[in-house]
Amino acid sequence: MKIVSVINYKGGVGKTTLTANLGAELAFRGRKVLLIDLDPQSSLTFSFIPPDLWQKEYSESKTIKNWFDSLSDGGSITLTDLIFTPRATNDTLNGEGKLDLIASHLGLINVDLELATELGGASLKQAQKKFLKVHSHLLNGIEEINDYDIILIDCPPNFNIVTKNAIVASDNILIPAKPDYLSTLGIDYLIRSLNSLIEDYNDYAKISNKEYEEIAPEIIGVVFTMIQIHGGQPISALRPFISQTKRLGIPVFDNYFRENKTIFADAPQYGVPVVLNRYSGITYQGVVSEIEQLVSEFAKKIGI
Ligand SMILES: Nc1ncnc2c1ncn2[C@@H]1O[C@H](COP(=O)(O)OP(=O)(O)OP(=O)(O)O)[C@@H](O)[C@H]1O
Ligand SMILES: [Mg+2]
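Residues numbered from 1 in each chain as written. Chains lettered and ligands numbered in written order. Predicted model: local features only at pLDDT ≥ 70, side-chain atom pairs only at ≥ 80, totals over all residues. Heavy atoms only, no water.

1. So, the overall build of the protein
Reasoning step 1: A count of helical and extended segments in the protein gives 13 helices and eight strands.
Reasoning step 2: For 304 residues, the compact-globule formula gives about 19 Å, and the C-alpha radius of gyration of the protein, at 19 Å, lands near that figure.
Reasoning step 3: Across its three principal axes, the protein shows a C-alpha extent of roughly 60 × 45 × 30 Å.
Reasoning step 4: Within the protein, buried positions represent 53% of all 304 residues.
Reasoning step 5: Taking the contacts inside the protein whose residues are at least 6 apart along the sequence as the reference set, 77% of them involve residues at least 24 apart.
Reasoning step 6: In the protein, the 28 positive side-chain charges and the 36 negative ones have mean positions that sit 5 Å from each other. (Helix = DSSP H or I, 4+ residues; strand = E, 2+ residues; numbered from the N terminus. Rg over C-alpha atoms; globule rule 2.2 N^0.38 Å. Buried < 20%, exposed > 50% of the residue type's maximum accessible area, 1.4 Å probe, protein only. Contact = heavy atoms within 4.5 Å. Lys, Arg positive; Asp, Glu negative; His and termini not counted. Charge placed at Lys NZ, Arg CZ, Asp CG, Glu CD.)

2. Structural notes on the packing of aromatic side chains
Reasoning step 1: Under the counting rule described, the total for this entry stands at eight aromatic pairs.
Reasoning step 2: Their ring planes at 45° and their centres at 5.7 Å tell us that Y9 and Y189 sit as a pair that is tilted. Taken together, the residues Y9 in the loop between strand 1 (2-6) and helix 1 (15-28) and Y189 in helix 10 (residues 181-206) connect sequence positions 180 residues apart.
Reasoning step 3: Using a relative accessible area of 19% as the deciding quantity, one classes Y9 as buried.
Reasoning step 4: With 5.1 Å between their ring centres and 90° between their planes, F131 and Y204 make a pair best called edge-to-face. Of this pair, F131 sits in helix 7 (residues 124-135) while Y204 is found in helix 10, placing the two residues 73 residues apart along the sequence.
Reasoning step 5: By way of ring pairs, the aromatic residues Y9, F159 and Y189 are connected into one cluster.
Reasoning step 6: Over the ring of F253 we find K301, and its NZ or CZ is 4.2 Å from the ring centre. (Phe/Tyr/Trp six-rings, centres within 6.5 Å; stacked < 30°, edge-to-face > 60°. Lys NZ or Arg CZ within 6 Å of the ring centre and 35° of its normal.)

3. Structural notes on a nonpolar patch on the surface
Reasoning step 1: Together, L106, I109 and L113 make up a nonpolar patch on the protein surface, roughly 310 Å² of accessible area in all.
Reasoning step 2: Mapped onto the elements of the fold, L113 is located in helix 6 (residues 108-117).
Reasoning step 3: Given the relative accessible area of 56%, L113 is considered exposed. (Patch = residues over 30% accessible without salt bridge, like charges linked within 9 Å, V, L, I, M, F, W, Y side chains within 5 Å. Areas by Shrake-Rupley, 256 points an atom, 1.4 Å probe, with all protein chains shown as cover. Salt bridge = Lys/Arg side-chain N within 4 Å of Asp/Glu carboxyl O.)

4. A word on the pattern of salt bridges
Reasoning step 1: Considering all chains together, one arrives at 11 salt bridges under this definition.
Reasoning step 2: Here K98 makes a salt bridge to D100, at a shortest N to O gap of 3.3 Å.
Reasoning step 3: Two residues, K301 and E297, come together in a salt bridge whose shortest N-O distance is 3.1 Å. Of this pair, K301 and E297 both sit in helix 13 (residues 282-302), four residues apart, roughly one helical turn.
Reasoning step 4: Overall, E297 belongs to the buried group, its relative accessible area being 12%.

5. Thoughts on the pairing of strand 6 (residues 218-224)
Reasoning step 1: Within strand 6, five of the seven residues are buried, which leaves it mostly tucked inside the rest of the structure.
Reasoning step 2: In this structure, strand 5 (residues 172-177) lies alongside strand 6, joined through six bridges in parallel fashion. Considered in strand 6, the bridge of N172 is made with E218.
Reasoning step 3: A crossover connection joins strand 5 to the parallel strand 6 through helix 10; in handedness this β-α-β unit is right-handed. (Pairing = 2+ DSSP bridges. Right-handed = clockwise from strand over helix to strand, strands pointing away.)

6. Quick look at the site of ligand 1
Reasoning step 1: In the vicinity of ligand 1, 17 residues are found, and the nearest of them are G12, K15, T16, T17 and R258.
Reasoning step 2: Take Q41: an N or O atom from its side chain is 3.1 Å from an oxygen atom of ligand 1.
Reasoning step 3: Burial of ligand 1 by the protein chains amounts to 80% of its free accessible area of 620 Å².
Reasoning step 4: When atoms are counted within 2 Å of each cavity's grid points, the one that captures over half of ligand 1 is the largest pocket.
Reasoning step 5: Contributing elements (two or more residues each) for the shell around ligand 1: helix 1 and helix 12 (261-266).
Reasoning step 6: Here the residues of the shell around ligand 1 sort into five nonpolar, seven polar and five charged. (Near = heavy atom within 4 Å. Polar contact = N/O pair within 3.5 Å; in protein donor to acceptor, adjacent residues only side chain to side chain. 1 Å grid on protein atoms, 1.4 Å probe; cavity = no way out; pocket = protein on both sides within 12 Å on 5 of 7 lines; lining within 4 Å. Sits in = over half its atoms within 2 Å of the grid points. Nonpolar A, V, L, I, M, F, W, Y, C, P; charged D, E, K, R; others polar.)

7. Notes on the pairing of strand 1
Reasoning step 1: Burial analysis of strand 1 places four of its five residues in the buried class, the great majority of the element.
Reasoning step 2: Of the pairings in the sheet, the one linking strand 1 to strand 4 (residues 150-154) comprises five bridges and is parallel in character. In the sheet register, V4 faces strand 4, and the bridge partner there is L152.
Reasoning step 3: Of the pairings in the sheet, the one linking strand 1 to strand 5 comprises three bridges and is parallel in character. Among the inter-strand pairings, S5 is bridged to a residue of strand 5, identified as I173.

Keep in mind these numbers describe shape, not what the thing actually does.
Written out as structure tokens, the structure reads:
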């Protein structure tokens with residue numbers, strides 16, 4: 001089982017769209033996929049189930065917020081308790097595959113604040129121990145889950161403790177980004193923050209008397225999103241940003257998401273990601289086939 005976090009602390013770069021389409025297409029290809037929505041905005045959740053269903057069935061006691069909340073009373077809820085199978089997307093699957101979800105909740109914002117109060121300590125050693133504990137909650141929680149080929153975690157646009165929990169729990173990191181100046185700067189900064197978290201965690205883990213293991217989440221690469229296409233190619237103004245990212249030494253996916261506001265803006269409200277919708281039309285089919293190629297590249301890169 002592979003655990004992959006989809007991260008970028010820039011907002012609106014296509015994290016949720018990438019997570020939803022990747023998960024859905026992999027499930028269509030027969031993989032068992034679990035999506036975890038770790039963003040209080042809950043966009044991934046609402047891409048698969050309507051808000052009224054969430055309100056009725058999940059909001060009270062079946063979201064990732066409840067799991068984090070229960071940690072303080074000894075962990076009465078397990079992640080498995082929260083898993084459900086969103087209907088619309090699963091109805092489009094016909095093979096062995098399935099797509100399950102753990103929903104999010106706006107109250108997850110407070111979880112971050114509460115976790116932050118658990119950090120620190122009277123001595124350096126105590127502070128290091130608390131750092132490991134606070135950042136490894138999700139890693140421990142996921143350990144009991146084993147009936148999936150892949151878990152995809154959709155992270156919020158920040159680098160708070162909940163996001164760091166996702167990184168610590170992950171085998172791989174996937175970075176969606178828009179090809180523009182500020183986003184390219186952001187990638188460099190993101191990589192440094194990632195490396196610094198991993199370094200701190202491992203430094204403390206080494207001196208934890210084997211209580212904690214070292215981690216090694218690996219960056220699979222940057223997926224460019226919202227690419228403007230002209231004559232079958234990304235428009236020339238975008239190319240410098242793509243090559244600049246490659247120069248940072250970060251792998252860049254050959255395939256990308258092209259920009260199409262109509263197609264991408266509408267899909268979430270029907271509960272089925274773009275790649276599994278059955279619309280016709282040349283533009284639509286072009287977009288779908290690009291996503292399919294991206295998913296193949298992804299699957300090959302992580303070996304599932
Ligand atoms: N390829 C695309 N072309 C056009 N619009 C897109 C594309 N991908 C996503 N969008 C739209 O851009 C907006 C942001 O996308 P998305 O929610 O996936 O980004 P995000 O990085 O998850 O955002 P956030 O940081 O708020 O979580 C959404 O309205 C979505 O419909
Ligand atoms: Mg999002």
